[in-house]
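Here is what each chain is made of, one letter per residue.
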Amino acid sequence: MRFRAKIVDLACLNHFSRVINTIAKLAKTCTLRLTVSKLYFILSDKVANGGVSMWCELCQGNFFDEFQMEGVAAEHNEIYLELVPENLSRALKTAQSAKAVKIKLTNKHCPCLRVAVELPSLSSSSRIVTHDIPVGVIPRRLWNDFREPRVPDFDVSIYLPVLKTMKSVVERMKNLSNSIVIEANLSGEMNLKIETDLVSVATHFKDLGNPPWASEDGCQSSDQGRDLESMAEARIDIKKLQQLLAGQQVNPTKALCNIVSKRVVHFILLHEDVSLQYFIPALA
């Protein structure tokens, strides 16, 4: 099992750093899945147990100048590692003006991701700062726990308003309540609401637009025959929503959410070369 990669382009490095920062804000520990063409950061708290789950996918070719890996076996050419993304984020913070960053899977005393940052120096020799990030190697028999989550059969899918606006609304509401109701319909309308014994506050967004989801057989998905005005809603933990909005350092070109009434809210944030899915289960 081998893995080594190198980033030389500073713009790619900073972009990669921002993605890792975002993930570090969403997950204390996560699984890094490496394949020949992609990297995945996966958090699979079982939604059934009230945990959020996350699936973030990056095309390695858009970030790395060199990328070599050999998986656990020829027919299973993948590597699954458990890591603390905050450690990786911290290591990359030292690389703001680096000439190059190399990442390598090593196994001295325990398995580690070694991040070697080559910094520019005034003399002819360059300075290299090395960080060893402990990782756990996830055995093949557990890989099935980390499969891509299915897009749930939603009642409504809607584009999100500008995330900055949404974030400031949610931050103000967070001081008033622990939960927030997200509701939306197929006419591009979405409301964020909190209701407590003392106060009820709602923010309305309109003209957001609904994504044209097509199902496998070419006809529209579950919104067929649904009343365009009727709202699908889910009450979720406001801190988990705020975490998602506050962690955003990758400005998505598209952001949408799918609501399965009273069950789950599924967020999808798309950037040219990164996609992030985040599932927040509804509160009872």
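Scroll up a little and you will see the structure.
Owing to the predicted nature of the structure, the values given are computational and were not obtained by experimental measurement. (Residues numbered from 1 in each chain as written. Predicted model: local features only at pLDDT ≥ 70, side-chain atom pairs only at ≥ 80, totals over all residues. Heavy atoms only, no water.)

Peer 1: Just give me the short version of helix α4 (residues 238-246), but keep the residues and values in it.
Peer 2: If you check which residues of α4 are buried, you get Ile238, Leu241, Gln242, Leu244 and Leu245. Considered in projection along α4, the buried side chains sweep an arc of 160 degrees and stay on one side of the axis. Sitting at the head of α4, Asp237 places a side-chain oxygen 2.8 Å from the backbone nitrogen of Lys239. (Buried < 20%, exposed > 50% of the residue type's maximum accessible area, 1.4 Å probe, protein only. Helix = DSSP H or I, 4+ residues; strand = E, 2+ residues; numbered from the N terminus. Arc of directions from axis to C-beta. Polar contact = N/O pair within 3.5 Å; in protein donor to acceptor, adjacent residues only side chain to side chain.)

Peer 1: An account of the pairing of strand β3 (residues 38-44) is needed here, citing residue identities and associated values.
Peer 2: Along β3, 5 of the 7 residues are buried, which leaves the element largely enclosed by surrounding structure. Once strand β2 (residues 30-34) ends, the chain turns through 3 residues before running back antiparallel as β3. (Pairing = 2+ DSSP bridges.)

Peer 1: Now, about the sheet that holds strand β14 (residues 200-205): what can you tell me, with residues and values included?
Peer 2: With respect to topology, 4 strands assemble into an open sheet ordered β14-β13-β12-β15, the strand pairing being antiparallel. Of all strands in the sheet, those with a lone pairing partner are β14 and β15 (232-237), marking the two edges. The average angle at which neighbouring strand axes cross in this sheet is 20 degrees, direction not considered. Pairing between strand β13 (residues 190-195) and β14: 6 bridges, direction antiparallel. (Axes fitted to C-alpha atoms, helices over the stretch in contact; angles between N-to-C directions.)

Peer 1: How would you explain the side chain of Gln242 if you had to name every residue and give the values?
Peer 2: The topology assignment puts Gln242 in helix α4. Look at Gln242 and you get buried, because its relative accessible area is 16%. Excluding anything up to four places from it in sequence, Gln242 contacts Val170, Glu171 and Lys174. (Contact = heavy atoms within 4.5 Å.)

Peer 1: Kindly report on a nonpolar patch on the surface, identifying the contributing residues and their values.
Peer 2: On the surface, Met1, Val72 and Val137 cluster together to form a nonpolar patch covering roughly 230 Å² of accessible area. Locating Val72 in the fold gives a position in the loop between β5 (66-70) and β6 (79-83). (Patch = residues over 30% accessible without salt bridge, like charges linked within 9 Å, V, L, I, M, F, W, Y side chains within 5 Å. Areas by Shrake-Rupley, 256 points an atom, 1.4 Å probe, with all protein chains shown as cover. Salt bridge = Lys/Arg side-chain N within 4 Å of Asp/Glu carboxyl O.)

Peer 1: An account of the packing of helix α1 (residues 10-26) against helix α2 (residues 85-93) is needed here, citing residue identities and associated values.
Peer 2: Two numbers describe a pair of packed helices, the interaxial angle and the distance between the axes. The interhelical angle for the contact between α1 and α2, taken along N-to-C directions, is 150 degrees, at an axis separation of 8 Å. It follows from the interaxial angle that α1 and α2 lie roughly antiparallel. Handedness of the α1/α2 crossing: left-handed. Contact residues: α1 offers Leu13, Phe16, Ser17, Ile20, Asn21, Ile23 and Ala24, while α2 offers Pro85, Glu86, Leu88, Ser89, Leu92 and Lys93. (Parallel < 35°, antiparallel > 145°, perpendicular 65-115°, else oblique. Left-handed = near helix turned anticlockwise from the far one by under 90°.)

Peer 1: Explain the nonpolar core to me, using residue names and the numbers behind them.
Peer 2: Phe3, Phe16, Met54, Met190, Leu192, Leu241 and Phe267 are the most contacted members of the largest nonpolar core, which totals 76 residues. Sort the elements by how many residues they give to this core and α1 lands first, with 6 residues. Once residues lying within four places of it in the same chain are set aside, the contact partners of Met54 are Ile23, Leu26, Ala27, Cys30, Phe41, Ile42, Leu43, Leu276, Gln277 and Tyr278. Listed in part, the 7 residues of the second largest apolar core include Tyr40, Trp55, Tyr80 and Phe146. (Core = buried A, V, L, I, M, F, W, Y, C linked by side-chain atoms within 4.5 Å.)

The values are spatial; any link to function lies outside them.
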